[in-house]
Amino acid sequence: TVRTFRPAYEFWQHIFAIPDGRILLGSATNGRLLATFPVQGDWNRDARWEDPTLSSLLAGRALPRRLSDRRDAVVRILEPTTGPLVHNPARGQRLITNAERYGAFLSEWGSIYERFGVPAEIGLSQAILESSLDGRARSRARALGFCQWLPTNWRQLNRLTSQELEAYNQTTQAPFCAAYLSILATMYGSFIPALSEHHSGGVNVGRVLINGERLGATDAREQYFIGGEFARRLRAISLMGYRDLYRSYGPRSVLYSEMVFGNTHTVSRLISEIPQRPVYAMRATRALPVSEVVRRSGLRTDEVKRYNPALVKQVPRNANVYLPAYVDTFGPDVSFWHRPPTAEYASALHDFLRLEPGVARWHEPEFEAVLRGFQRRFTETATEEGTVMGATLAFVIGDLRTSRRAAILEDFRTSGRILQLFTRGLREIRTELPGWNVLDLLPGAPAGP
């Protein structure tokens, strides 16, 4: 589906593989990298061409001084030969640095994601986009860690679990990030809108899906991509005129799922290039000072903190300490990803992942009983992963109960004013942008205006 609707998706793996300071240019038809240019410097002299035959097209041409104008000019020059192009600044420096420190743990973190029904490469690719694998990453909104949750969310999860959560440790974050993504994907019936909700919010994604459905798409994946392209085209025609159809769903929102799927290649590359190391988790039965962890583990202080980025003075009682080998004096081994799942947990997960999707259905009061039943089933497995799923489900149930999303989306779906705006927007797209043919991708869709 991603390849059909977003054929350039593989281009985004290069954004995080090349250090900052260059502009990347690729094919919008197949995502192939074609060239990189310096942010500062001569684009004729200092260009690096993946396809050398294209370099002659710029030879001797004077390009604008302003960077954005220069990018647009190069696209205009090359597109008659290359076809549609995509371009973006490189953003690889943070990941390159963090991968040197944390890349050895990717296989272990991937096993954690898979225990919750999330393909490792998808979960880890999202972590790359959100945090560049840095457990201490903080956004301007104070969101932190792997999946950039707000501190209030972590505090709520901390109240819902029996362990002490140190959210700056990636190996602590990964199970909860995975459980949340698994729940959202089950609600939507697809990881594609689930990933986007994490980035742009459930109401925005709901509007995109409804618009996609109005355009003829029949499942959540197609609805999302068709509706996202519709929003992008409307923004190009009139940013404010059609705002009620997409609100804060912006250009990065349109690209988010595409970027995640493109960087699944980055995950595979890093795992193949970096020797992987085991990560063991011990539940501390008492507070463990840094000096004791260093002494008993036989590791340097910096190495201990590589496994435990949250560690400053001590590991709190009932929190996890992570090391490359099990040390029994620190507490019981809670590395659930090193053991096969129990039959009870596997059965609960199997049944949960096969729940009927539908955002409206999940918001219905009677559906809460279904989710509460699964919450109990997971918790009663008495496993680490079951405890995580139970706590995360309780968190999601609380959000579903208090959120106004269902009412907002029902109004969006039934409003005559919104439907008129949608019809006018579609008509204007077909008139002003006759090359837009995304509707033709739908089976049986009528061609032309």
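The structure displayed is predicted, hence computed values, not measured ones. (Residues numbered from 1 in each chain as written. Predicted model: local features only at pLDDT ≥ 70, side-chain atom pairs only at ≥ 80, totals over all residues. Heavy atoms only, no water.)

Participant: I would appreciate a short explanation of the overall build of the chain in the present structure.
Facilitator: A tally of regular secondary structure across the chain gives 20 helices and eight strands. Along the three orthogonal principal directions, the C-alpha set of the chain runs to about 70 × 60 × 35 Å. Scored against the burial criterion, the 449 residues of the chain give a buried share of 53%. Long-range contacts, defined as pairs at least 24 residues apart, comprise 67% of the intrachain contacts of the chain with a sequence gap of at least 6. About 19,900 Å² of surface is accessible on the chain, with carbon and sulfur atoms providing 49% of the total. Here the chain holds 56 positive side-chain charges and 45 negative ones, and the gap between their average locations is 6 Å. (Helix = DSSP H or I, 4+ residues; strand = E, 2+ residues; numbered from the N terminus. Buried < 20%, exposed > 50% of the residue type's maximum accessible area, 1.4 Å probe, protein only. Contact = heavy atoms within 4.5 Å. Areas by Shrake-Rupley, 256 points an atom, 1.4 Å probe, with all protein chains shown as cover. Lys, Arg positive; Asp, Glu negative; His and termini not counted. Charge placed at Lys NZ, Arg CZ, Asp CG, Glu CD.)

Participant: For this particular structure, what's the right way to read the layout of surface pockets?
Facilitator: For the second largest pocket, the calculated volume is near 600 Å³. Taken together, 23 residues line the second largest pocket, and the ones lying closest to its centre are Phe-16, Arg-94, Leu-129, Glu-130 and Arg-252. Listing elements by their share of the lining of the second largest pocket, those giving two or more residues are strand 4 (85–89), helix 5 (120–131), helix 8 (191–200) and helix 11 (251–262). Among the residues making up the lining of the second largest pocket, the classes are represented as 10 nonpolar, seven polar and six charged. (1 Å grid on protein atoms, 1.4 Å probe; cavity = no way out; pocket = protein on both sides within 12 Å on 5 of 7 lines; lining within 4 Å. Points joined across faces, edges and corners; volume = space filled by probe spheres on them. Nonpolar A, V, L, I, M, F, W, Y, C, P; charged D, E, K, R; others polar.)

Participant: Is there a simple way to think about empty space enclosed by the protein in this case?
Facilitator: Inspection of every chain in the model, using the stated rule, returns five cavities of 30 Å³ or more. Approximately 100 Å³ is the volume found for the largest cavity. As for the largest cavity, its lining consists of 15 residues, and the residues nearest its centre are Gln-163, Pro-175, Asn-320, Phe-336 and Glu-384. Every element with two or more residues in the lining of the largest cavity is listed here: helix 7 (170–188), strand 5 (280–283), strand 8 (320–323) and helix 18 (384–402). Here the lining of the largest cavity gets four residues from one element, more than from any other, and that element is helix 7. A per-class count over the lining of the largest cavity returns nine nonpolar, four polar and two charged.

Participant: Would you mind going over the state of the cysteines with me for this structure?
Facilitator: Chemically, a disulfide is nothing more than a covalent bond linking the sulfur atoms of two cysteines. Counted by the stated rule, this structure contains one disulfide. One disulfide in the model links Cys-147 with Cys-177; its S-S distance is 2.0 Å. Measuring the twist about the S-S bond at about -70 degrees, one finds the Cys-147-Cys-177 disulfide to be left-handed. Of the two residues, Cys-147 sits in the loop between helix 5 and helix 6 (151–160) while Cys-177 sits in helix 7, which places them 30 residues apart along the sequence. Taken individually, Cys-147 and Cys-177 each receive the classification buried, so the pair is uniform in this respect. (Disulfide = S-S within 2.5 Å.)

Participant: Is there a simple way to explain the side chain of Asn-263 in this structure?
Facilitator: Along the chain, the position of Asn-263 falls in the loop between helix 11 and helix 12 (264–273). A polar contact is formed between the side chain of Asn-263 and the side chain of Thr-266, at a distance of 2.8 Å. (Polar contact = N/O pair within 3.5 Å; in protein donor to acceptor, adjacent residues only side chain to side chain.)

Participant: Explanation requested: the nonpolar core in the structure shown.
Facilitator: Nonpolar side chains tend to gather and get buried jointly when the protein is soluble and globular. Counting residues in each nonpolar core, the largest one holds 111 residues, and the members touching the most others are Leu-245 and Phe-352. Ignoring anything within four residues of it in the chain, the contact list for Leu-245 reads Arg-207, Asn-211, Phe-230, Leu-234, Phe-412, Ile-418, Leu-421 and Phe-422. (Core = buried A, V, L, I, M, F, W, Y, C linked by side-chain atoms within 4.5 Å.)

Participant: What is the right way to read the packing of helix 6 against helix 18 from this model?
Facilitator: Pairs of packed helices are described in terms of their axes, by the angle between the two and the distance that separates them. The interhelical angle for the contact between helix 6 and helix 18, taken along N-to-C directions, is 125 degrees, at an axis separation of 9 Å. Classified by the interaxial angle, the pair formed by helix 6 and helix 18 is oblique. The chirality of how helix 6 crosses helix 18 is right-handed. Packed against helix 6, whose contacting residues are Asn-153, Gln-156, Leu-157 and Leu-160, the element helix 18 presents Ala-391, Thr-392, Ala-394 and Phe-395 at the interface. Here the contact of helix 6 with helix 18 is built from residues that sort into five nonpolar, three polar and no charged. (Axes fitted to C-alpha atoms, helices over the stretch in contact; angles between N-to-C directions. Parallel < 35°, antiparallel > 145°, perpendicular 65-115°, else oblique. Left-handed = near helix turned anticlockwise from the far one by under 90°.)

Participant: Is there a simple way to explain helix 11 in this structure?
Facilitator: Each α-helix winds once per 3.6 residues, and so residues spaced three or four apart point in a common direction. Counted at 1.5 Å a residue, the expected span for helix 11 with its 12 residues is 16 Å, and the 17 Å between its end C-alpha atoms agrees. With nine of 12 residues buried, helix 11 lies mostly within the body of the structure. Looking at helix 11, one finds that the buried residues are Ser-253, Val-254, Tyr-256, Ser-257, Glu-258, Met-259, Val-260, Phe-261 and Gly-262. (Expected span 1.5 Å × (residues − 1).)

Participant: Would you take a moment to explain the sheet that holds strand 3 (residues 48–49) for this structure?
Facilitator: Pairing between the strands of a sheet is mediated by backbone hydrogen bonds and can be parallel or antiparallel. What the four strands build is an open sheet, ordered 3-2-1-4; its pairing is antiparallel. Only two strands of the sheet have a single partner each, and these edge strands are strand 3 and strand 4. Docked against the sheet, helix 2 (residues 67–82) engages strand 1 (22–27), strand 2 (33–38), strand 3 and strand 4, running at close to 155 degrees with respect to strand 4. (Pairing = 2+ DSSP bridges.)

That's the geometry; what it means functionally is another story.
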